[in-house]
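Notes for the structure review
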Amino acid sequence: MLIEKLRAAFLPSVIVTAVREWDKYDHEVGIYHVVSPFSNAEGAATSHVLFTCVCNALSCPMRIAARYEILTEARASLAPLLESEGLEATILEIHRRVQSPEYLGQSRSSHISVDEVAELLDAPLATVFRACDQLYVEEKLDVRGGVLRDFVRRFRLPKEMVAIMANAAEETLDFSSDEESADRVTKFERKVQRETGFISGREAFGAHFPRMEKRLLAEIVCERLATLLLQASIDARAIQSLRRLTATRLLEREQRFHYVPAPLSARVIAMYNAELLEIACDNAEIELRRTRGVTTPQQTFRFIAQQYAELAMQFRGGS
Ligand SMILES: [Zn+2]
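Scope of this entry: the structure provided in the associated data block. (Residues numbered from 1 in each chain as written. Predicted model: local features only at pLDDT ≥ 70, side-chain atom pairs only at ≥ 80, totals over all residues.)

Some remarks on the overall build of the protein
Rules: Per the convention used, a helix needs a DSSP run of H or I reaching at least four residues, while a strand needs a run of E reaching at least two, with both numbered from the N terminus. Buried, partly exposed and exposed are defined by the number of other C-beta atoms within 10 Å of a residue's own C-beta, namely 20 or more, between the two limits, and 12 or fewer respectively, with C-beta atoms placed from the backbone. Residue pairs are scored as contacts if the distance between their C-beta atoms, which are placed from the backbone, is within 7 Å.
For the protein, the helix and strand inventory stands at 13 helices and five strands. Counting across all 319 residues of the protein, residues that qualify as buried make up 30%. Long-range contacts, defined here as pairs at least 24 residues apart, represent 58% of the contacts in the protein between residues at least 6 apart.

Pasting the structure below:
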């Protein structure tokens, strides 16, 4: 029995119960509920669902067939809500059910991705993303690393700034995932909240939150970074000189050379740019190790500077 194998694989204090099982052609596919006595950060016992086959292969045809069955049933059960309340309410319901925890075809045990929601509802991905965006603006749902998460009120960056930082961080972490780069952004946002006292994106960005115009982003972030990195690419001790550019020093420099329009917080923009410079330094060091010194930090900085310059041009509409 699959359940016996699963129980044997967990500690005795972990409770494994079968939610549903399929038994066909020497395959035992099942949905299992796993409750661990160990509490999570919020102090609650953690439970999750496990969808697996005794053969343990992701490509197992019985597992794929069972998943298809679940998707079809779930789609039918969600249809009345979709019809009466619309897509946004349905997405919230899917998130609630996955958290409960219920298996709705997701690959992670307690989180469902936007792609998986689109597949479940047989809806275009872009439409689902738009609905998630709207739920984010209404402070009802968050999407990080491509997966649906509870909305927790705290300082946040505008979406476009998140995308730039996550993208830069992804290059730093050698074998990074969406989730890891999302973590780096979240860590930075917590730091901003701690150091500035801002408890929402709107406090720091006003009407530029949760969406910031790309033209403005080009001006206050991309072009500044391109210039600073290009200057560093000429300096022989590039990494060290950039590492010393903390947010405070950057802010002092920025105020002399550069203007951040109200209601944007100049301090947050300086902290953001300083963080991206730090990521660039990490990237340069990794590149240096990876190429065993064939590539110099200067070359890497020049390359990253060029990327920001191109991004700025793209944000300004190619002009
Ligand atoms: Zn199988």
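Regarding helix α4 (residues 114-121)
Every α-helical turn comprises 3.6 residues, leaving residues that sit three or four positions apart pointing alike. For the record, the criterion: The arc in question is formed by the directions pointing from the helix axis toward the C-beta atoms.
Within α4 the residues assigned to the buried category are Glu 116, Val 117, Leu 120 and Leu 121. Burial along α4 is one-sided: seen end-on, the buried residues are contained in an arc of 125°. Along its buried surface, α4 packs onto α2 (61-85), α3 (87-99) and α5 (125-137). Positive backbone phi, approximately 55°, marks Asp 122, located one or two places after α4.

A few points about the packing of helix α9 (residues 214-232) against helix α12 (residues 266-290)
The condition is simple: A fitted line through C-alpha atoms represents every axis, and for helices the fit uses only the stretch in contact; the resulting angles, taken between N-to-C directions, go from 0 to 180 degrees. Convention used here: angles under 35 degrees read as roughly parallel, angles over 145 as roughly antiparallel, angles from 65 to 115 as roughly perpendicular, and any remaining angle as oblique. Two helices cross in a left-handed way if the nearer one is turned anticlockwise from the farther one by less than a right angle. They cross in a right-handed way if the turn is clockwise. Just so you know the grouping, Ala, Val, Leu, Ile, Met, Phe, Trp, Tyr, Cys and Pro go in nonpolar, Asp, Glu, Lys and Arg go in charged, and all remaining residues, Gly too, go in polar.
Two numbers describe how α9 lies on α12: the axes approach to 11 Å, and their chain directions differ by 45°. As the angle between them shows, α9 and α12 are arranged oblique. Between α9 and α12 the crossing geometry is right-handed. Of the residues in α12, those touching α9 at Ile 220, Val 221, Arg 224, Leu 225, Leu 228 and Leu 229 are Ile 269, Tyr 272, Asn 273, Leu 276, Leu 277 and Ala 280. In terms of residue class, the contact of α9 with α12 is built from ten nonpolar, one polar and one charged.

Here we look at the environment of Ala 76
Inspection of the secondary structure assignment puts Ala 76 in helix α2. Ala 76 gets classed as exposed once you count the C-beta atoms within 10 Å, which come to 9. C-alpha separation for the pair Ala 76 and Leu 121, spaced 45 residues apart in sequence, amounts to 9.2 Å.

Focus on the environment of Arg 75
When you line up the elements, Arg 75 lands in helix α2. According to the C-beta neighbour criterion, Arg 75 is partly exposed, with 16 such atoms within 10 Å. The spacing of Arg 75 and Leu 104 is 29 residues in sequence and 9.3 Å in space, taken between C-alpha atoms. Sequence-distant contacts of Arg 75, that is, excluding residues within four places in its chain, are made with Leu 120, Leu 121 and Asp 122.

Thoughts on the nonpolar core
Rule in force here: The term nonpolar core refers to a set of buried Ala, Val, Leu, Ile, Met, Phe, Trp, Tyr and Cys residues connected through C-beta atoms within 7 Å.
Ranked by size, the top nonpolar core spans 48 residues in total, and within it Met 165, Cys 222, Leu 225, Leu 229, Ala 280 and Tyr 308 carry the most contacts. Looking at this core, the element that brings in the most residues is α12, giving twelve residues. By size, the runner-up hydrophobic cluster in this structure holds 18 residues, among which are Ile 91, Tyr 103, Leu 121 and Leu 148.

Regarding α2
Convention followed: By this rule the span expected of a helix is its residue count minus one, scaled by 1.5 Å.
With 25 residues, α2 should cover 36 Å at 1.5 Å per step; its first-to-last C-alpha distance of 35 Å lies within 8% of that length. Where α2 terminates, the next one or two residues include Gly 86, which has phi positive at roughly 95°.

Thoughts on the pairing of strand β5 (residues 147-150)
A regular strand places its side chains so that they alternate between the two faces of the sheet. Stated formally: DSSP calls a pair of strands paired once it identifies at least 2 bridges connecting them.
Here strand β4 (residues 141-144) pairs with β5 via four bridges, running antiparallel. The partner of Asp 142 across the bridge, within β5, is Arg 149.

Thoughts on the pairing of β4
The side-chain alternation of β4 yields one buried face, formed by Leu 141 and Val 143, and one unburied face, formed by Asp 142 and Arg 144. Here β4 folds back onto β5, and the loop between the two strands holds two residues, one of which, Gly 145, carries a positive phi near 60°.

Focus on unusual backbone geometry
When glycine is set aside, most residues are seen to have a negative phi, and most peptide bonds are trans. Ser 100 connects to Pro 101 through a cis peptide bond whose omega is 0°. Its place among the elements puts Pro 101 in the loop between α3 and α4. Non-glycine residue Asp 122 carries a positive phi angle of around 55°. For Asp 122, a count of 9 C-beta atoms within 10 Å puts it in the exposed group. One non-glycine residue, Glu 139, lies in the positive phi region at around 60°. You can see Glu 139 is positioned in the loop between α5 and β4.

Focus: the environment of Gly 317
Among the secondary structure elements, Gly 317 is positioned in the segment after α13 (297-315). The class for Gly 317 is exposed, based on 9 C-beta atoms found within 10 Å. Counting along the chain gives 103 residues from Gly 317 to Lys 214, while the straight-line C-alpha distance between them is 8.9 Å.

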